[in-house]
Amino acid sequence: MLLLAAAFIVAFVLLLYMVSPLISPKCLKLPGAHVVVTGGSSGIGKCIAIECYKQGAFITLIARDENKLLQTKKEIEKYSVNDKQVVLCISVDVSKDYEQVENVLKQAQEKLGPVDMLVNCAGTSVTGKFEDIEVNSFERLMAVNYLGSVYPSRAVIATMKERRMGRIVFVSSQAGQLGLFGYTAYSPTKFALRGLAEALQMEVKPYNVYVTVAYPPDTDTPGFAEESKTKPLETKLISETSSVCQAEQVARVIVKDAIQGNFNSSVGSDGYMLSILTSGMSPVTSITEGLQQVVCMGIFRIIGLFYLGSFDSIVRRCMMQREKSESADKTE
């Protein structure tokens with residue numbers, strides 16, 4: 001009886017693997033495609049632009065700093081695979097004025113053709129205890145990290161639906177899957193991207209347009225280095241429980257998942273576990289992916305509880321050390 005049950009399960013799994021490619025979206029071909037990357041002058045955004053350019057795409061880079069954009073343009077052009085490729089630079093703040101964002105993207109499409117893939121990578125971070133963060137920082141982060149993705153997406157979505165093809169990528173963060181000490185201003189903006197992505201995917205899927213949410217871990221970028229200068233001790237200790245990834249590695253994973261039309265994009269074993277744990281009602285692009293979530297959810301929840309317990313322990317230990325230090329200072 002057990003053998004029969006095991007055989008049935010094996011046959012069922014094999015059937016899922018066979019059927020899965022039939023329901024998965026077709027890969028987007030990057031050679032000749034027009035890829036727009038916001039926040040593309042440095043960090044993950046720059047590496048994504050390079051990865052797409054290596055595969056034959058035309059690139060539009062969008063960022064605020066014009067000098068950085070021009071430097072990045074020269075660096076990207078070293079990886080050209082043919083003489084026709086173009087790197088277009090546009091200096092604009094994607095979080096302030098929708099009409100301005102819409103106009104510059106129209107100009108980009110007039111020069112390089114309709115946008116085949118939009119990568120929303122513009123973002124910033126502020127860390128600190130909730131009561132120590134300036135109120136205007138909450139407003140600024142929501143504008144840059146959330147509206148800075150809404151505006152470009154809104155500007156290209158109609159054309160993608162008309163053409164019945166396209167990819168939109170939202171670069172979130174593991175802090176958009178799990179709220180951590182010190183990220184009360186940052187995490188909500190990255191959580192918001194997931195809600196936007198889920199709702200938008202349901203709207204555009206019938207038009208063969210697919211949305212990807214990327215959840216990179218701590219990544220070695222200029223932004224991460226700047227953020228680390230102001231991290232509370234608790235945040236630093238929690239961050240030490242995981243390794244720092246290279247931006248090039250993260251970019252390769254995001255580009256691969258985006259062209260395949262995968263909704264979730266994660267890096268490493270921790271990222272895979274978090275994507276399963278936080279899958280909830282998020283869409284899947286293959287039966288295999290859904291099966292993995294069903295099978296792994298329970299055991300990953302157990303592992304996750306151990307992580308949460310260790311994080312709470314770090315926070316309590318730091319609090320006790322701080323109180324002990326303050327008490328000693330008062331008695332002197």
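You'll find the structure just up there.
Everything quoted here is computed from the prediction, not taken from an experiment.

K.L.:
Just checking my understanding: could you explain the layout of surface pockets for this structure?
P.N.:
Rolled over the atoms, a probe as big as a water molecule pinpoints where empty space is left. Counted as a void, the second largest pocket has a volume near 260 Å³. The wall of the second largest pocket is formed by 14 residues, among which Asn262, Asn264, Tyr272, Glu289 and Gln292 lie closest to the centre. Counting only elements with at least two residues in the lining of the second largest pocket, the list comes to helix 9 (247-260), strand 9 (264-266), helix 10 (268-277) and helix 11 (287-331). Taken together, the residues of the lining of the second largest pocket break down into two nonpolar, ten polar and two charged.

K.L.:
Please clarify how a nonpolar patch on the surface should be interpreted in this entry.
P.N.:
A surface patch of nonpolar side chains, about 490 Å² in accessible area, is lined by Ile299, Ile302, Ile303, Phe306 and Tyr307. For Tyr307, a relative accessible area of 30% translates into the label partly exposed.

K.L.:
Where do I start with the packing of aromatic side chains in this structure?
P.N.:
In this description, an aromatic ring pair is defined by two values, namely the gap between the centres and the angle between the planes. This structure, assessed with the given rule, holds five aromatic pairs. Geometrically, the ring pair formed by Phe130 and Phe138 is edge-to-face, given 5.6 Å between the ring centres and 80 degrees between the ring planes. On the basis of relative accessibility, which here comes to 23%, the residue Phe138 falls in the partly exposed class. Here the aromatic rings of Tyr183 and Tyr186 are separated by 5.7 Å at their centres, their planes lie at 50 degrees, and the arrangement is tilted. Summarising the burial analysis for this pair, Tyr183 and Tyr186 share the class buried. For the cation-ring pair, Lys161 lies above Tyr207, with the distance from its terminal atom to the ring centre recorded as 4.7 Å.

K.L.:
Looking at this structure, how should I read helix 2 (residues 43-54)?
P.N.:
For an α-helix, 3.6 residues make a turn, and residues three or four places apart therefore share a direction. Spanning twelve residues, helix 2 covers 17 Å between terminal C-alpha atoms, matching the ideal 16 Å at 1.5 Å per step. Counting buried positions along helix 2 yields eleven of twelve residues, so the element is predominantly enclosed. For helix 2, every residue scored as buried is listed here: Gly43, Ile44, Gly45, Lys46, Cys47, Ile48, Ala49, Ile50, Glu51, Cys52 and Tyr53. Backbone geometry just after helix 2 places Gly56 at a positive phi near 95 degrees.

K.L.:
Before we go on, may I ask you to explain helix 6 (residues 187-204) in this structure?
P.N.:
Spanning 18 residues, helix 6 covers 26 Å between terminal C-alpha atoms, matching the ideal 26 Å at 1.5 Å per step. Among all positions of helix 6, only Ser187, Thr189, Lys190, Leu193, Arg194, Ala197, Leu200, Gln201 and Val204 are buried. The buried residues of helix 6 occupy an angular sector of 165 degrees when projected down its axis, which confines them to one face. Helix 6 presents Met202 and Glu203 as exposed residues on the side facing more than 90 degrees away from its buried surface. The inward-facing, buried residues of helix 6 contact helix 5 (135-163), strand 5 (166-171) and strand 6 (209-215).

The rules behind these values
Residues numbered from 1 in each chain as written. Predicted model: local features only at pLDDT ≥ 70, side-chain atom pairs only at ≥ 80, totals over all residues. Heavy atoms only, no water. 1 Å grid on protein atoms, 1.4 Å probe; cavity = no way out; pocket = protein on both sides within 12 Å on 5 of 7 lines; lining within 4 Å. Points joined across faces, edges and corners; volume = space filled by probe spheres on them. Helix = DSSP H or I, 4+ residues; strand = E, 2+ residues; numbered from the N terminus. Nonpolar A, V, L, I, M, F, W, Y, C, P; charged D, E, K, R; others polar. Patch = residues over 30% accessible without salt bridge, like charges linked within 9 Å, V, L, I, M, F, W, Y side chains within 5 Å. Areas by Shrake-Rupley, 256 points an atom, 1.4 Å probe, with all protein chains shown as cover. Salt bridge = Lys/Arg side-chain N within 4 Å of Asp/Glu carboxyl O. Buried < 20%, exposed > 50% of the residue type's maximum accessible area, 1.4 Å probe, protein only. Phe/Tyr/Trp six-rings, centres within 6.5 Å; stacked < 30°, edge-to-face > 60°. Lys NZ or Arg CZ within 6 Å of the ring centre and 35° of its normal. Expected span 1.5 Å × (residues − 1). Arc of directions from axis to C-beta. Contact = heavy atoms within 4.5 Å.

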